[in-house]
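Next come the chains, spelled out residue by residue.
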Amino acid sequence: MIDPRNPDVRHLRRIDLKVGETGLGDPDDPLFTGAVVDVETTGLDTENDQIIELAVRRFKYGPTGHIVEIGKSWSWREDPGVPLSDDVIRLTGITNQDLVGRRIDDRLATDILTSASLIIAHNAAFDRPLVERRLPNLPQARWACSCKEIDWRAAGFEGRTLGWLCTQAGWFFDAHRAEGDVDAVITLLCHERTDGRTFMWELDASSSSDSWLIEAAGSAISTKDALRMRGYHWNPKTKVWWREVFDRDLIAEQAWLAREVYAPGKFAKAMGPRLTRLTAYDRYRQQT
């Protein structure tokens, strides 16, 4: 927020979500339940590292994307049974002593997430595999990623990190703590774009669209740097470079692959990539 008395000064407000109705939206509209989830972990490996903190908060939203009611914040910590690294302690502020004897309430966490029609995380490709591995009774649900599925650049924002997005919107919070990150995401989803639509409207719409898992099968080793620069990830199990794009970007991506990976002289061992259609029910799951 620009200080009206001094245009060279900008004020930031601490995020402080209040439980209850927000006064937004049309009370006669049908309502949907969203849940934002975030985890802090012992590392960055979604297969082997463990959750040490899980936070979730539900909210109600209407077809216009306005969040009309905010629920209680839930947060649990869990002792992973191994000492935390100095980097994790420094990043999260959580110490080994904070976790002694602590455990996530599996049943309650599962019930809360199951009640949502859409589960949201700011980095769903990281959070979803960890949450589903930690809560094995969680049924398959629709997931959305507020980092990837919102066109922040088109809305006038720079970057996609949660803290920087909030700063640009006029907010600050205690970053790298699951509870604070959850509230930061909800605050951003309430924010309106220049056309008056909320980011929640955009996210809900994008999550309803199909996407494609593209696997650059048979790509030559000589194209690995180009694939990496393009945003592809290496799957050591299947030994293939992959990325995910939405319907709107599929044709452009196929054209790039045809030119840079599968063209004559690129020495690919396949005619083209493997394509798998995805929905919000299977997006961001662990690649196998």
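Heads up: these notes are all about the structure in this document. Keep in mind that what you see is a predicted model, and the values were worked out from it rather than measured. (Residues numbered from 1 in each chain as written. Predicted model: local features only at pLDDT ≥ 70, side-chain atom pairs only at ≥ 80, totals over all residues. Heavy atoms only, no water.)

Considering the overall build of the chain
Working step 1: Secondary structure assignment for the chain yields nine helices and 14 strands.
Working step 2: Projecting the C-alpha coordinates of the chain onto the three principal axes gives extents of approximately 60 × 50 × 45 Å.
Working step 3: Here the chain holds 288 residues, and 45% of them are scored as buried.
Working step 4: Looking at the chain as shown, the accessible area adds up to about 15200 Å², and 51% of this sits on carbon and sulfur atoms.
Working step 5: Mean positive and mean negative side-chain charge positions of the chain (38 and 44 charges, respectively) differ by 4 Å. (Helix = DSSP H or I, 4+ residues; strand = E, 2+ residues; numbered from the N terminus. Buried < 20%, exposed > 50% of the residue type's maximum accessible area, 1.4 Å probe, protein only. Areas by Shrake-Rupley, 256 points an atom, 1.4 Å probe, with all protein chains shown as cover. Lys, Arg positive; Asp, Glu negative; His and termini not counted. Charge placed at Lys NZ, Arg CZ, Asp CG, Glu CD.)

Here we look at helix α4 (residues 124-134)
Working step 1: The buried count for α4 comes to nine of eleven residues, which makes it a mostly enclosed element.
Working step 2: Considered for burial, the residues of α4 that qualify are A124, F126, D127, R128, P129, L130, V131, E132 and R134.
Working step 3: Contacts from the buried residues of α4 go to β5 (32-41), β6 (51-61), α3 (106-114), β8 (118-121) and β9 (143-145). (Contact = heavy atoms within 4.5 Å.)

Brief notes about unusual backbone geometry
Working step 1: Notably, F267 is not glycine yet its phi reads approximately 60°, a positive angle.
Working step 2: Structurally, the position occupied by F267 is in the loop between α9 (247-260) and β14 (274-278).
Working step 3: One non-glycine residue, Y284, lies in the positive phi region at around 70°.
Working step 4: For Y284, the position within the fold is in the segment after β14.
Working step 5: Judged by relative accessible area, which is 5%, Y284 ranks as buried.

A look at the sheet that holds strand β12 (residues 233-235)
Working step 1: Here four strands make up an open sheet; going across it, the order is β12-β13-β11-β14 and the pairing antiparallel. Edge positions in the open sheet fall to β12 and β14, since each of these has one partner strand only. Across the sheet, the axes of successive neighbouring strands diverge by a mean angle of 30°, strand direction being ignored.
Working step 2: In this structure, strand β11 (residues 211-215) lies alongside β14, joined through five bridges in antiparallel fashion. Note that in β14 the partner of S211 across the bridge is L278.
Working step 3: In the packing of α9 onto the sheet, the strands contacted are β11, β13 (240-246) and β14, and the crossing angle to β13 comes to about 145°. (Pairing = 2+ DSSP bridges. Axes fitted to C-alpha atoms, helices over the stretch in contact; angles between N-to-C directions.)

Brief notes about the pattern of salt bridges
Working step 1: According to the stated counting rule, one finds 23 salt bridges in the structure shown.
Working step 2: Close ionic contact of E132 with R128 constitutes a salt bridge, the shortest N to O distance being 2.9 Å. Linking E132 with R128, this pair stays in helix α4, spanning four residues, or about one helical turn.
Working step 3: The partner of D225 in a salt bridge is K224, and the shortest N-O contact between them spans 3.4 Å. (Salt bridge = Lys/Arg side-chain N within 4 Å of Asp/Glu carboxyl O.)

Concerning the environment of T42
Working step 1: By the element assignment, T42 lies in the loop between β5 and β6.
Working step 2: For T42 and I89, which are 47 residues apart along the polypeptide, the C-alpha to C-alpha distance reads 9.2 Å.
Working step 3: Residue contacts for T42: discarding those within four places in its chain leaves D49, Q50, I52, P80, L84 and V88.
Working step 4: Side chain to side chain, T42 and D49 meet in a polar contact 3.2 Å long. (Polar contact = N/O pair within 3.5 Å; in protein donor to acceptor, adjacent residues only side chain to side chain.)

Some details on helix α5 (residues 162-169)
Working step 1: Of the positions making up α5, those classed as buried are L162, L165, C166, Q168 and A169. Along the long axis of α5, the arc covered by the buried residues comes to 160°, so they all point the same way.
Working step 2: The secondary structure elements touched by the buried residues of α5 are β2 (6-10), β10 (171-172) and α6 (178-190).
Working step 3: Positive phi shows up at G170, right after α5, with a value of about 100°. (Arc of directions from axis to C-beta.)

What about the packing of aromatic side chains?
Working step 1: Summed over the entire model, instances satisfying the criterion amount to eight aromatic pairs.
Working step 2: A ring pair is formed by F59 and Y61, whose centres lie 5.8 Å apart and whose planes are at 50°; its orientation type is tilted.
Working step 3: Judged by relative accessible area, F59 falls into the buried class, the value being 2%.
Working step 4: Overall, Y61 belongs to the buried group, its relative accessible area being 2%.
Working step 5: Joined through ring pairs, the aromatic side chains of F32, F59 and Y61 make up one cluster. (Phe/Tyr/Trp six-rings, centres within 6.5 Å; stacked < 30°, edge-to-face > 60°.)

Coordinates in, geometry out; function isn't part of it.
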